[in-house]
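# Structural overview for review
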Amino acid sequence: MAATDHIAATPTFDLAKEFKEFDETKMGVKGIAESGITSIPKMFIHPPEVLSTLKKPTSHTKKAIPLIDLSSFNVPTKRHQLVEQIREAISSWGFFQVINHGIPLSVLNETLDAIKAFHDQPHEVKSKLYNRDNDDKGVMYQSNYDLYLAKVATWHDSLTIWTAPEEKRGKEEDIPEICKKEMEAWESHSSKVAEILFELLSEGLGVEAERFKKLGFFDARLLVGHYYPYCPQPDLTVGLKPHTDAGFTVLLQNQVGGLQVKHCDEWVDVEPIPGALTINIGDTIQVISNDNYVSVEHRVLANASKEPRISAVTFFNMNTNASFEPLPELLSSDKPAIYRQSTVAEYLESYYSKGLNCKYFLDKIKIVN
């Protein structure tokens, strides 16, 4: 049963009207959660086929994404082992967590505190940044940025700040003072971690260490501060629906769990580890690696804790006008290209029109041999 069929079971329910009314309040999901409700609005209730996947697996074997220690990055005798660990993690999981990455714990804690402080501001302060028609640039606060494209809403709010390219970059005066210094520090530190990991990803493919950087994965950068408030009915909705990412992602989360990765058709919890960062690659890197690396679906469960779930994310992507295809260094007569050349613009158009999941697009650009 499709999501629209699920909602249509109540004849008096007007999804578009409820979306519009919710959007016009500029209160976000946090505003709904703090209103004292005991049941969530219908626009957040997901269809049975989605809700059935929220149940814990019956398997007694607990799975976990790989955990990698980066302390040996500058140790020549151990670098190869580190490269292999990351290569294996990305080729099988698409995700891994890193510790000893060089970012002080104080910076991590201050980043999460600052994001929470932004979302805890009075409505009249936050609403000045509320914007849905921002043409993918600047600084913006909103809830469910794909609201009018979706068939059902999810339980989270977001602060987004474009830092590159220049034409998308948010104005300094628009970045909220309450979190400006901390978000700038987070971007600087997360970018250094990304540089290290891009080197290791490149070496894992057997290409020069600067290969991904030269491809332009620092050309489009977006900072996001997600806020997942308490949900009184977490079994009826999700915090963030299943999706894949476009490029490369560095994620920091507080100690309230909820992130899950799909692995072998099973949803696996990404347990919060103090001081750890979660890393994943997206669809364009899967294409560029010619399927040596894989991009996988992930989601966030609705928050059943009274404490909000907070996350800070830095997205590293190629610019919209860039093209991508399997690296020629990886190709041979025995290993031909799996995908044709495409553009980031073509990818993004499909990505947003298909609900943030572009696996079908990868099938579309596959070369049939």
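Thresholds applied
Here the residue index of a chain counts from 1 through its sequence in written order. With the structure being a predicted model, the display of local features is reserved for residues of pLDDT at least 70 and the display and counting of side-chain atom pairs for 80 or more, all residues being used for whole-chain, interface and lining totals. In computing side-chain properties, one takes all heavy atoms of the structure into account and sets aside hydrogens as well as water. UniProt positions are given in the numbering used here, feature names are shortened, and annotations may be inferred rather than shown by experiment. Helix and strand definitions here come from DSSP, where helices need a minimum of 4 consecutive H or I residues and strands a minimum of 2 consecutive E residues; each element is numbered from the N-terminal end. We call two strands paired when DSSP finds no fewer than two bridges between them. Axis lines are fitted to C-alpha atoms, over the contacting stretch for helices. Their N-to-C directions set the angle, which ranges from 0 to 180 degrees. Whenever Lys or Arg places a side-chain nitrogen within 4 Å of a carboxyl oxygen from Asp or Glu, that contact is recorded as a salt bridge. The rule is simple: take the accessible area with a 1.4 Å probe, protein chains only, and divide by the maximum for that residue type; under 20% is buried, over 50% is exposed, in between is partly exposed. Throughout, a residue-residue contact means that at least one pair of heavy atoms, one from each residue, lies within 4.5 Å. Pairs of N or O atoms within 3.5 Å make up the polar contacts considered here, provided that, within protein, one atom can donate a hydrogen while the other can accept it, and that residues adjacent in sequence are counted only when both atoms are side-chain atoms. Here a Phe, Tyr or Trp ring, Trp counted by its six-membered ring, pairs with any other such ring whose centre lies within 6.5 Å, and the pair is stacked when the planes are under 30 degrees apart, edge-to-face when over 60, and tilted otherwise.

As recorded in UniProt, the sites labelled "domain: Fe2OG dioxygenase" (unreviewed entry) are residues 216–318. Across residues 216–318, helical content stands at 6% and strand content at 47%; the span's end C-alpha atoms are separated by 5 Å.

A few words on the sheet that holds strand β11 (residues 298–301). The four strands are arranged β6-β11-β8-β9 in an open sheet whose pairing can be described as antiparallel. With partners counted over all chains shown, the strands left at the sheet margins are β6 (238–243) and β9 (266–269), one partner each. Here the strands of the sheet are splayed against their neighbours by 30° on average, with no regard to which way each runs. Sheet topology places strand β8 (residues 259–263) next to β11; three bridges connect them, and they run antiparallel. Along β11, the bridge assignment pairs L259 with V300.

What follows concerns the pattern of salt bridges. Summed over all chains, the structure comprises 21 salt bridges. Two residues, E21 and K17, come together in a salt bridge whose shortest N-O distance is 2.6 Å. On the criterion of helical spacing, the pair formed by E21 and K17 is a turn pair, its members being four residues apart in helix α2 (residues 15–25). A relative accessible area of 42% places E21 in the partly exposed class. As a salt-bridge pair, R169 and E172 come within 3.5 Å of each other at their nearest N and O atoms. Take R169: its relative accessible area is 33%, and that puts it in the partly exposed class. For E172, a relative accessible area of 34% translates into the label partly exposed.

Our focus in this paragraph is the sheet that holds strand β12 (residues 309–317). The eight strands are arranged β1-β2-β10-β7-β12-β5-β4-β3 in an open sheet whose pairing can be described as mixed. The open sheet has two edge strands, β1 (67–69) and β3 (139–143), and neither has a second partner. Ignoring strand direction, the axes of neighbouring strands in this sheet form an average angle of 25°. Direction of pairing for strand β4 (residues 157–164) relative to strand β5 (residues 220–228): antiparallel, over a ladder of seven bridges. Bridge pairing in β5 places I161 opposite L223. In the packing of helix α6 (residues 105–119) onto the sheet, contacts are made with β3, β4, β5, β7 (248–253), β10 (277–281) and β12, and the angle to β12 comes to roughly 105°.

Positionally, H226 belongs in strand β5. H226 sits in the buried class, given a relative accessible area of 8%. At 2.7 Å, the side chain of H226 forms a polar contact with the side chain of S158. What H226 contacts, discounting residues up to four positions off in sequence, is I115, H119, H156, D157, S158, R309, I310, S311 and V313.

Position of S72 among the secondary structure elements: in the loop between β1 and α5 (76–92). Taking C-alpha positions, S72 is 9.9 Å from H101, a pair spaced 29 residues apart along the chain. Among residues more than four places away in sequence, those in contact with S72 are K78, R79 and L82.

Turning to the packing of aromatic side chains, a few remarks are in order. Enumeration according to the criterion identifies 13 aromatic pairs in this entry. Geometrically, the ring pair formed by F218 and F316 is edge-to-face, given 5.2 Å between the ring centres and 65° between the ring planes. In this pair, F218 sits in the loop between α9 (211–214) and β5 while F316 sits in strand β12, placing the two residues 98 residues apart along the sequence. Overall, the relative accessible area of 14% leaves F218 in the buried class. By way of ring pairs, the aromatic residues F198, F212, F217, F218, F248 and F316 are connected into one cluster.

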